[in-house]
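Observations on the three-dimensional arrangement
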Amino acid sequence: MVFKLTQCGRFVFRRFNSRVLYVPSSGLRTEVIASSFAARPSVEGLFRSLSLSNSYATTAAKPKTKAKKTVKKKASKKPTPPPKRGRPGKSDKEKKAEKKEKEAKAQAKEDLKNLKEAALTPPKRLPTSKISIFSAGKGPLVESVKAFKEISAFQAEELEQTAEKNAETNRHNLEQWIESHTPLEIRNANAARRKLRRILPKKSRTYGAIKDDRQVKAPRNAYLLYSLDKHNSGEFNHLPAKERIAETARSWKNASESEKERYKALQEEDRTRYINEYKSTYGEEPKMLESSDAEDF
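Residues numbered from 1 in each chain as written. Predicted model: local features only at pLDDT ≥ 70, side-chain atom pairs only at ≥ 80, totals over all residues. Heavy atoms only, no water.

With 68% of its residues at a pLDDT of 70 or more, the protein shows a mean pLDDT of 78. Taking the mean pLDDT of every element in the protein, the minimum, 43, falls on helix α2 (residues 26-38) and the maximum, 95, on helix α8 (residues 183-199). Note that residues 16-41 has pLDDT below 50 and, in this model, 10 contacts with residues that lie over four places away or in other chains. (pLDDT = per-residue confidence, 0-100. Helix = DSSP H or I, 4+ residues; strand = E, 2+ residues; numbered from the N terminus. Contact = heavy atoms within 4.5 Å.)

A few words now on the side chain of Q267. Take Q267: it is sitting in helix α11 (residues 257-282). Since its relative accessible area comes to 12%, Q267 is described here as buried. Within the structure, Q267 has its side chain in polar contact with the backbone nitrogen of A222 (distance 2.8 Å). (Buried < 20%, exposed > 50% of the residue type's maximum accessible area, 1.4 Å probe, protein only. Polar contact = N/O pair within 3.5 Å; in protein donor to acceptor, adjacent residues only side chain to side chain.)

Before going further, it helps to spend a moment on the packing of helix α4 (residues 92-119) against α8. For the pair α4 and α8, the least separation of the axes is 8 Å and the interaxial angle reads 135°. The angle between α4 and α8 falls in the class oblique. Of the two elements, α4 crosses α8, and the hand of that crossing is left-handed. Residues L112, L115, K116, A118 and A119 of α4 form the contact with α8, whose own contacting residues are N188, A189, A192, R193, K195, L196 and I199. Here the residues of the contact of α4 with α8 sort into 8 nonpolar, 1 polar and 3 charged. (Axes fitted to C-alpha atoms, helices over the stretch in contact; angles between N-to-C directions. Parallel < 35°, antiparallel > 145°, perpendicular 65-115°, else oblique. Left-handed = near helix turned anticlockwise from the far one by under 90°. Nonpolar A, V, L, I, M, F, W, Y, C, P; charged D, E, K, R; others polar.)

The next point concerns the pattern of salt bridges. Throughout the structure, instances matching the rule amount to 10 salt bridges. Note that R273 and D270 form a salt bridge whose closest N and O atoms lie 2.9 Å from each other. Pair noted here: R273 and D270 are both in helix α11, with a separation of 3 residues, about one helical turn. We classify D270 as buried; its relative accessible area is 7%. (Salt bridge = Lys/Arg side-chain N within 4 Å of Asp/Glu carboxyl O.)

With the rule as written, the count across this model stands at 7 aromatic pairs. Taking 6.1 Å as the distance between ring centres and 75° as the angle between the ring planes, the aromatic pair formed by Y223 and W252 counts as edge-to-face. With Y223 in helix α9 (residues 222-233) and W252 in helix α10 (residues 241-253), the pair connects residues that are 29 residues apart, well separated along the chain. By the burial criterion, Y223 is buried, and W252 matches it. A centroid spacing of 5.6 Å and a plane angle of 55° characterise the contact between Y274 and Y278, whose relative ring orientation is tilted. In this pair, Y274 and Y278 both sit in helix α11, 4 residues apart, roughly one turn of the helix. Assessed through its relative accessible area of 12%, Y274 is described here as buried. In this structure Y278 comes out as buried when scored by relative accessible area, which is 3%. (Phe/Tyr/Trp six-rings, centres within 6.5 Å; stacked < 30°, edge-to-face > 60°.)

In structure tokens form, the structure reads like this:
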């Protein structure tokens with residue numbers, strides 16, 4: 001655009017300059033110059049028209065740009081994974097069985113915990129053997145055994161005295177511990193210990209019976225009283241244990257009715273004794289005793 005305007009301007013001025021230079025008279029020169037100055041506004045109009053036409057041409061040449069519409073892309077859905085192959089889902093029957101099994105295990109665990117609490121825990125025992133006293137806190141057992149074999153007679157005597165003192169201390173502590181519990185608590189503890197020996201056979205020694213002289217002795221039936229009399233008489237002592245039991249049972253079957261009635265009367269006396277002692281010792285009524293007929297033996 002600027003280049004075209006400069007070319008037009010040069011062309012116009014050349015025309016005016018040429019007209020002035022080639023006029024011979026000074027008056028005409030002045031007139032021409034004056035006329036050229038008078039004609040200058042038309043030149044300016046020419047420049048103005050040229051600039052407007054060019055500007056219009058440039059503006060008209062530009063194409064109109066349409067506003068682009070932004071289209072939101074739809075979120076692509078993730079493809080659903082294929083179903084897993086393998087074992088089908090558990091049925092309602094299987095689920096119920098599993099639930100029942102879990103409940104049974106939880107109940108067994110709770111029962112075991114309650115049994116251990118009811119079994120009571122006696123005081124810890126002191127060592128009562130010479131080797132255990134000597135090796136206490138002395139490192140590996142093998143080395144302690146080797147050292148124990150080389151002790152002097154004086155050391156062995158001291159260990160023997162310590163073992164006796166520990167045994168006496170254990171008896172005293174156990175008696176005090178038993179007396180600190182009621183006879184009913186000891187009875188329930190022994191019942192719990194019997195169950196624990198069945199459930200945990202590997203720990204049967206841990207849950208041995210607690211010996212308490214206050215416990216009421218169970219009633220004896222007629223046949224048991226008869227067997228005790230035969231054992232105390234020594235009639236079958238020359239026989240082995242199994243044969244002794246078999247011979248006692250055979251003798252009971254061959255006994256007269258009067259002899260059996262005598263032992264049945266002793267059975268009733270022992271039953272009465274048990275009921276009275278049970279009430280006075282445990283403070284409650286005993287469970288119903290099953291009638292033990294001597295004829296069953």
